[in-house]
Structures are given as structure tokens and as C-alpha cells.
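A structural walkthrough
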Amino acid sequence: AGPRPAPAELTDGNSEHLKREHSLMKPYQGAGSAAMPLWDFQGSTMVTSQYVRLTPDERSREGSIWNRVPCFLKDWELHVHFKIHGAGKKNLHGDGLALWYTQERLVPGPVFGSKDNFHGLAIFLDTYPNDEATERVFPYISAMVNNGSLTYDHSKDGRWTELAGCTADLRNQNHDTFLAIRYSRGRLTVMTDVEDKNEWKNCIDIAGVQLPTGYFFGASAGTGDLSDNHDIISMKLFQLMVEHPLEDETVDWTKIEPSVSLLKSPKDNVDDPTGNFRSGPLTGWKVFLLLLCALLGIIVCAVVGAVVFQKRQERNKRFY
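Small disclaimer: the values here were computed from a predicted structure and weren't measured.

Here the focus is the sheet that holds strand β12 (residues 201–206). Strand order in the open sheet formed by seven strands is β2-β3-β15-β5-β10-β11-β12, and the pairing between neighbours is antiparallel. Whereas interior strands pair on both sides, the edge strands pair on one side only; in this sheet they are β2 (46–47) and β12. Looking at chain direction, β2 and strand β3 (residues 52–55) are connected through two bridges and run antiparallel. Its bridge partner being in β3, M46 is matched across the sheet by R53.

Counting residues in each nonpolar core, the largest one holds 48 residues, and the members touching the most others are W76, F82, L125, I141, I181 and I232. Take this core: its biggest share by element is five residues, from strand β5 (residues 76–85). With 11 residues, the next largest nonpolar core counts W66, F112, A122 and F124 among its residues.

What follows concerns the state of the cysteines. By the definition in use, this model includes one disulfide. With its sulfur 2.0 Å from that of its partner, C166 forms a disulfide with C203. As the torsion about the S-S bond is roughly -105°, the C166-C203 disulfide counts as left-handed. Here C203 lies in strand β12 and C166 lies in strand β9 (residues 164–167), a separation of 37 residues in the sequence. For C166, a relative accessible area of 14% puts it in the buried group.

We now examine the sheet that holds β9. Taken in spatial order, the seven strands line up as β1-β4-β14-β6-β7-β8-β9 in an open sheet, and their pairing is antiparallel. The open sheet has two free edges, formed respectively by β1 (39–43) and β9, since each of these has just one partner strand. Sheet twist, expressed as the average angle between the axes of neighbouring strands with direction ignored, equals 15°.

For the protein chain, the average pLDDT comes to 86, and 83% of its residues sit at 70 or higher. Predicted confidence for residues 1–10 stays below pLDDT 50, and this span has 16 contacts to residues more than four positions away or in other chains. Here residues 267–283 scores under 50 on pLDDT; set against residues more than four positions off or in separate chains, the count is 40 contacts.

Here D231 is to be found in strand β15 (residues 229–239). For D231, a relative accessible area of 3% gives the class buried. Within the structure, the side chain of D231 is placed 2.8 Å from the side chain of R53, a separation counted as a polar contact. A polar contact is formed between the side chain of D231 and the side chain of H85, at a distance of 2.9 Å. The contacts of D231, once residues within four sequence positions are left out, are Y51, V52, R53, F82, K83 and H85.

Let us look at the packing of aromatic side chains. Enumeration according to the criterion identifies 12 aromatic pairs in this entry. Centroid distance W100 to F118: 5.1 Å. Interplanar angle 80°. Geometry classified as edge-to-face. Here W100 is found in strand β6 (residues 96–102), whereas its partner F118 is found in the loop between β6 and β7 (119–126), with 18 residues between them in sequence. For the pair W100 and F118, a shared accessibility class is recorded, and that class is buried. The ring of F216 carries the charged tip of R105 above its face, separated from the ring centre by 5.3 Å.

Now for the environment of W76. Summarising the element assignment, W76 is placed in strand β5. Look at W76 and you get buried, because its relative accessible area is 2%. Considered as a pair, W76 and Y183 are 107 residues apart in the sequence and their alpha carbons are 5.6 Å apart. When residues no more than four places from it in sequence are discounted, the contact partners of W76 are Y101, L121, I181, R182, Y183, L211, F217, L237, F238 and L240.

About the thresholds
Residues numbered from 1 in each chain as written. Predicted model: local features only at pLDDT ≥ 70, side-chain atom pairs only at ≥ 80, totals over all residues. Heavy atoms only, no water. Pairing = 2+ DSSP bridges. Helix = DSSP H or I, 4+ residues; strand = E, 2+ residues; numbered from the N terminus. Core = buried A, V, L, I, M, F, W, Y, C linked by side-chain atoms within 4.5 Å. Buried < 20%, exposed > 50% of the residue type's maximum accessible area, 1.4 Å probe, protein only. Disulfide = S-S within 2.5 Å. Axes fitted to C-alpha atoms, helices over the stretch in contact; angles between N-to-C directions. pLDDT = per-residue confidence, 0-100. Contact = heavy atoms within 4.5 Å. Polar contact = N/O pair within 3.5 Å; in protein donor to acceptor, adjacent residues only side chain to side chain. Phe/Tyr/Trp six-rings, centres within 6.5 Å; stacked < 30°, edge-to-face > 60°. Lys NZ or Arg CZ within 6 Å of the ring centre and 35° of its normal.

Shown next, in the form of C-alpha cells:
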């Protein structure tokens, strides 16, 4: 197969806007040792000449890799070339991979190998359905923004705190698999290229997201009773050249609290298997309820008007 065009050509990111201090690319400097100047890794993570393996296809492993340099870009796009693969057959593999933009770094924990109650953004590539009652098809990609107060519920596959998500057939593929995360002017977009079509496919699109500057990028993975190889081939960060309103210049972006302005709370996802209802058009039943309420309102007004008109007619007759 011929060389794949650089992911930067597929989105607004340009190669000249690549931020090398936040990017992980081959050849990995200090491969196989702890001498990578811009990245730290821990746990079961192993650096080779071809990939960074966060976990091997073995049970009860966890590993992560984190950028040492805090990111002060207001608008950015992260392209991740990854591979999740293993010997496990259908529903006999796990647990998944997480991509992070958080205040904390290098803190192991129960959420795909990293800490819970984090501050910042997480994108989960969950390969195993822990909730047997789920209607979702796995592997499943989801987004979560946390100010430190939320706990990721593994037993429900993070459904209570999920902002949005999509299904993606990203495991055991013979071709390259990519994911892009774009954050610009309060809008979070996640795209995938996992079908060997050399094009991005929309997965998540959420407005009203507030993320501070000065956080760290990282990736982590974990295995439990089931396992997989979780590999990172590259992480490339691009600066997006975006104009901001003048009032943004007075804001201390390092002091912003991670948050999302939602029409509904994340817990309402329980009523929507797709998790993609936000900021979308009104569904059929919502339109029906609105029309029904409007019709009832018209009927009530008409009845009240008729009663008032009749009373006035009776009063007028008394004066003749």
C-alpha cells in the first residue's frame, strides 16, 4: 500500500502548525528507555521503534504516556494514530483506551489506567460492554468533561457522565486507525478514520465546552480479566488559527473551570441509547407535544373568550 496522506491534510490543521513539543512521533527519542525528553510513561507501557504499547495482551495491566509540557493553546486539534488488537474473540477482550487533556498527569487509577475525578477532558475508546443491559454496540467512543466532582462508573460504561458518543469498529483492523479531537471556541469535535477510506467521519460534536489552558495531553489503557494490546503509533497536535472576540483577551484562560453548558444533564443519556440528542433538531414526539400544548392553549383561550363574550352580552341586555 502506498503512503497515507498526512492527517493534517484532511482537516484545518496544517503541517506548519504542528506543535512538536506536544507531539509524539517516530522515531521515538530514547526508545525503550525513560529518556524521552517530552514524554513520561509508566506502568506496563513499553516503547519500541514502531509503537508505544500501553498494555500488552495480558490480564490486569495498565499503562500511560503523558506529555511533560503544558499546553497553552486556546484552539487545537489532536490526531491520534492508534491500534487496538489482541487474540480475544467477540466480547472476550478489553478494556479500552483513553485520551486525556487534564490538569493531572502520571496518576494511575481505575479509569482505563488513569485517575478518576480528574479535571479536564477525556475521550474513551471502550471496547467491552460492562453493562449487560446496554443497547449500544461496542467498541464505543464517548466524551467526558470533569471538574473533579464526577466519578466514572465502569459498571454502566460511563453512561451517567457521558456527553455524547458513537460506535466505531476500531479493533483488530488490518489497516491504520485514526482519531481526531478538535477543540475550538468552545466546540468539541471528535472524528474517526477507522474504515480505511482515508476520510474523517463525525462522531461527537458538542458546543458550550469550556476547557482551560495549561493542561497536559496523555493516553492510557487498562486490562482486567480480559485484555488487548493498546498501541499508540503517534499523537500530533496542531494549532488552529482562529479569531477570538476582543473580550476573550481579558480572560485568564488558565483559571477557567472545565464545564459544559448542556440543555440536559448527562444523566438523561439513560433515555437515549445513542447519547447524540444534544443540540440536535426536535424529535417527532417533542414536536407532537408542542403542537398538542399549543392546540390546548388555543381551545382554552377560545372557551374563556366565549364565556366572557356571553357575559357581556347578558349585561348589555339589562340596560335596554
